[in-house]
Amino acid sequence: MPERTVDLRSDTVTRPSQPMRAAIAAAEVGDDVLGDDPTVIRLERTMADLLGKEAALYVPSGTMANLLALLSQTKPGDEVILDRNCHIFNYEAAGAAVIGGVQLHPLDGPGGFLPLGALEGAIRPENIHHPVTSLIAVENTHNRGAGRVYPYDQLEKVRAIAKKDGLRVHLDGARLANAVVASGIPFKKYGAIADSINICFSKGLGAPVGSILISDAATVKKARYWRKRLGGGMRQCGILAAACLYAMENNVERLALDHAKASRIAALVASKPALKLLFPVETNIVIFRVEDESIDFEGFTRALGEAGVLSLAFGNRSVRMVTHLDITDDDIDYVEKKLSRIC
Ligand SMILES: *Cc1c(COP(=O)(O)O)cnc(C)c1O
């Protein structure tokens, strides 16, 4: 048995804290499908106001929030432009194609940021041969881009390109709170560059369940219909929403601590000639490659695991480590020690 286990597989592994559990226990609830759960109503109002939008919809997962965003803003035969490494294209089981009849059109953007020239070229002119381009999706922070923050001026340009052609913009902000804390740009400014936004409470914010789709009232009304159709209507889910409200009040600013811990791991990786950081570390995700081909990659990840340092293999001899609110400074000391030894 290792001395300790440091679980860096994802920021989804956090467990609700005692005060969060107290907030859950105290939650006032109703029947959210009938529209009268006061805690869910409060969460949806809070998040809509925070992003400067009319309405919001609490959903079980980020995957569902993204899917509802696409279903509510496209029709079958439409096309959505996004970046090849984004979550919607890679990790959502082709929901947009299966359920929405929507074609995804991936572009190659370094670090997960859409290449602006290619983006303009990818928007289809009206022609009976073409799918209808109707939406552009961006991701901030970018998961496969090692949690990098989407530069705000680029988001404004994406917004301007979309506007010119009458397209809508969806922001997959599963980790938007990390972007807000790292960039100092408030939620509302990110709201201004998108028509719809997904935010996950179950990642670095530390809530057990749930994401939210934030948009204009008409889009949220359609999304509410889709949520019911897909079986995502939940009844006394105020007990979950209470955890999310707690997270928004208590766990946003502290994300800076997670970012500092990820920086420590990144500095160590950068000091090892056998390893290479694939992207600069700006928030809570570190992705590095085992560059030294004389090191057996399987053996490397096995040794990490046996030492109690849990991470995810991320393809092409690379490893992802994610810091979160259940990781302490002592845990990072331990990771540094073990990683140094294995290298
Ligand atoms: C985790 C994640 C999602 C989906 O969240 P689930 O709640 O796991 O379905 C969507 N987008 C990004 C960028 C994510 O990291």
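Undergrad: An account of the sheet that holds strand β7 (residues 196–200) is needed here, citing residue identities and associated values.
TA: Across the sheet, seven strands lie side by side as β2-β8-β7-β6-β5-β3-β4; this open sheet has mixed pairing. Lying at the two open borders of the sheet, with one neighbouring strand each, are β2 (55–59) and β4 (103–107). Direction aside, neighbouring strands of the sheet carry axes that sit 20° apart on average. The sheet contact formed by strand β3 (residues 78–83) and β4 spans five bridges and is parallel. Across the sheet, the residue bridging to D83 is L107, located in β4.

Undergrad: Describe the nonpolar core, naming the residues involved and giving the relevant values.
TA: L43, Y58, L176, F187, Y190, I199 and F201 are the most contacted members of the largest nonpolar core, which totals 54 residues. In terms of residue count, helix α11 (residues 238–250) provides more of this core than any other element does, seven residues in total. Aside from chain neighbours lying at most four places away, what touches F187 is L50, L51, L176, A177, V180, I199, M248 and V252. Residues V6, F288, V309 and I327 belong to the second largest nonpolar core, which totals 23 residues.

Undergrad: Please provide a residue-by-residue account of the packing of aromatic side chains, values included.
TA: Given two aromatic rings, their pairing is described by the distance between the two centres and the angle made by the two planes. Summed over all chains, the structure comprises four aromatic pairs. Look at Y152 and Y190: their rings are 5.7 Å apart centre to centre, the planes differ by 70°, and that puts the pair in the edge-to-face class. One end of the pair, Y152, is in helix α7 (residues 152–164); the other, Y190, is in helix α9 (residues 187–192), with 38 residues separating them in the sequence. For the residue pair Y152 and Y190, the accessibility class agrees, reading buried in each case. Between F288 and F300 the ring centres are 6.3 Å apart and the planes differ by 85°, which places this aromatic pair in the edge-to-face class. With F288 in strand β10 (residues 285–290) and F300 in helix α13 (residues 297–306), this pair connects stretches of sequence that are twelve residues apart. Comparing F288 with F300, the two get one shared label, buried.

Undergrad: Can you lay out the domain arrangement of the protein chain for me, pointing to particular residues and giving the numbers?
TA: Taken domain by domain, the protein chain consists of domain 1 (6–13 + 254–342) and domain 2 (18–250). Counting from both sides, the interface comprises 17 residues of domain 1 and, opposite them, 21 residues of domain 2. The junction of domain 1 with domain 2 conceals about 1700 Å² of combined surface from both sides, 56% of it contributed by carbon and sulfur atoms. Summed over the shared surface of domain 1 and domain 2, the result is five residue pairs in polar contact (both at pLDDT 80 or more). Only α12 (255–270) and β10 provide two or more residues apiece to the side of domain 1 that touches domain 2. For the side of domain 1 that touches domain 2, the element with the most residues is α12, which contributes three residues. Broken down by class, the residue content of the side of domain 1 that touches domain 2 amounts to eight nonpolar, five polar and four charged.

Undergrad: Just give me the short version of the site of the ligand, but keep the residues and values in it.
TA: In the vicinity of the ligand, the residues found are S61, G62, T63, N66, H87, E92, E139, D172, A174, R175, C200 and K203. Residue T63 places a side-chain N or O atom 2.6 Å away from an oxygen atom belonging to the ligand. With three residues, the top contributor of residues to the shell around the ligand is helix α3 (residues 62–73).

Scoring rules and cut-offs
Residues numbered from 1 in each chain as written. Predicted model: local features only at pLDDT ≥ 70, side-chain atom pairs only at ≥ 80, totals over all residues. Heavy atoms only, no water. Pairing = 2+ DSSP bridges. Helix = DSSP H or I, 4+ residues; strand = E, 2+ residues; numbered from the N terminus. Axes fitted to C-alpha atoms, helices over the stretch in contact; angles between N-to-C directions. Core = buried A, V, L, I, M, F, W, Y, C linked by side-chain atoms within 4.5 Å. Buried < 20%, exposed > 50% of the residue type's maximum accessible area, 1.4 Å probe, protein only. Contact = heavy atoms within 4.5 Å. Phe/Tyr/Trp six-rings, centres within 6.5 Å; stacked < 30°, edge-to-face > 60°. Domains from an automatic or database assignment. Buried area = accessible area lost by both parts, 1.4 Å probe. Polar contact = N/O pair within 3.5 Å; in protein donor to acceptor, adjacent residues only side chain to side chain. Nonpolar A, V, L, I, M, F, W, Y, C, P; charged D, E, K, R; others polar. Near = heavy atom within 4 Å.

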